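A structural walkthrough
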Amino acid sequence: MLIDTHLHLVDRDRLSYPWLSGVPALNRDWTFASYTKSAKDLGISGALHMEVDVAEQDIHRETDMVAQLMASVDSLLLGAISAARPEASDFESCLDGINTAVIKGLRRVLHVVPDEISLSTSFRDNIKRLGPKGLPFDICVSARQLPIAAALVDAAPNTSFVLDHCGVPDIAAGDYTGWAAAIREIAKRSNLNAKISGITAYTGDGWTVDTLRPYVEHIIDSFGWDRVVWGSDSPVCTLQSSLEQWVEITHQLTQGAAADDLAKLHHVNATRIWGL
């Protein structure tokens, strides 16, 4: 049983994705039907849709799209991690209107905005409000922003956080030492979990399983098996691998682990964190 905690779907007829014009390899539709076919063959039994940084006016429409797909027969979708704007003055009222049957968590991509946004008092106060609502917050930052992410986690000790993509190490550049030290430090926070998701996207040409091994092993060693989850980051992972390759690589990297630990990574922790 494998739960994919990081699935992106793209429907350009329905929603606007301004950033896709800068990534030609991804600038097409990525449908739920196509993903479902591959996922079932790979043993993926459920998925959370991760917001795709749509144009702000389309945020609610993206969540509506997920709700409709969840309602389809035998749907793999378990819910949405929806886009949010915690810096907005009306965030508290928006939070009160959330349908938790669909929305299981929230995310604001932070590497595309000034660092000052997540450092602001209003942003942090709004992130604190997620704790009582039972809504985890996914942190998507670049490796250099890991200390800023740590400060955000410290500011909201009663909110659950998930660090996306192993903290986005620059694997292609071989930047391991600085990233590893920052991961070791941020992992000290018990309300933070780590997502092992699609890190093939950060490699260069000629990578192998052993290229990725030190990064994945350091995440597991730093956070422990009780605080790691798995995600595909499909289709972003296809920049350097297929979905099928990423699933196979994950199994290779965790081969030999105890069955109970693998269950935690594959589905137990995700079920707990997002209340699935």
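Attention in this report is confined to the structure presented alongside it. (Residues numbered from 1 in each chain as written. Predicted model: local features only at pLDDT ≥ 70, side-chain atom pairs only at ≥ 80, totals over all residues. Heavy atoms only, no water.)

1. Focus: the overall build of the protein chain
What the protein chain contains, in helices and strands, is eleven helices and eight strands. Since a compact globule built from 276 residues should have a radius of gyration of about 19 Å, the 17 Å found for the protein chain is in line with a globular shape. Oriented by its inertia axes, the alpha-carbon framework of the protein chain measures out at about 45 × 40 × 40 Å. Across the 276 residues of the protein chain, 54% fall into the buried class. Counted over contacts in the protein chain with a minimum sequence separation of 6, partners at least 24 positions apart contribute 81%. (Helix = DSSP H or I, 4+ residues; strand = E, 2+ residues; numbered from the N terminus. Rg over C-alpha atoms; globule rule 2.2 N^0.38 Å. Buried < 20%, exposed > 50% of the residue type's maximum accessible area, 1.4 Å probe, protein only. Contact = heavy atoms within 4.5 Å.)

2. As for the sheet that holds strand S7 (residues 192-197)
A sheet is described by the order of its strands in space; here eight strands give the open sequence S1-S2-S3-S4-S5-S6-S7-S8, paired in parallel fashion. Of all the strands in the sheet, just strand S1 (2-7) and strand S8 (228-231) have a single pairing partner and so form its edges. When the angles between neighbouring strand axes are averaged without regard to direction, this sheet yields 30°. Examined bridge by bridge, S1 and strand S2 (residues 44-50) share four bridges and lie parallel to one another. Bridge pairing in S2 links Leu7 to His49. Relative to the sheet, helix H1 (residues 32-41) contacts S1, S2 and strand S3 (77-83), its axis offset from that of S2 by approximately 145°. Packed on one face of the sheet, helix H11 (residues 259-274) meets S1, S2, S3, strand S4 (103-109), strand S5 (137-140), strand S6 (161-163), S7 and S8 and runs near 105° to S8. (Pairing = 2+ DSSP bridges. Axes fitted to C-alpha atoms, helices over the stretch in contact; angles between N-to-C directions.)

3. Description of the pattern of salt bridges
Pairing is possible between side chains that carry opposite charge, provided their charged atoms lie close to one another. Tallied over the full model, the rule gives 20 salt bridges. When the shortest N-O distance is used, the salt bridge between Asp164 and Arg107 registers 3.1 Å. Of the two residues, Asp164 is situated in the loop between S6 and helix H8 (177-186) and Arg107 in strand S4; the sequence distance between them amounts to 57 residues. For the pair shown, Asp164 and Arg107 are each scored as buried. For the salt bridge of Lys188 with Glu185, the shortest nitrogen-to-oxygen distance reads 2.9 Å. Exposure remark for Lys188: the relative accessible area of 62% places this residue in the exposed category. Note on Glu185: relative accessible area 35%, which makes it partly exposed. (Salt bridge = Lys/Arg side-chain N within 4 Å of Asp/Glu carboxyl O.)

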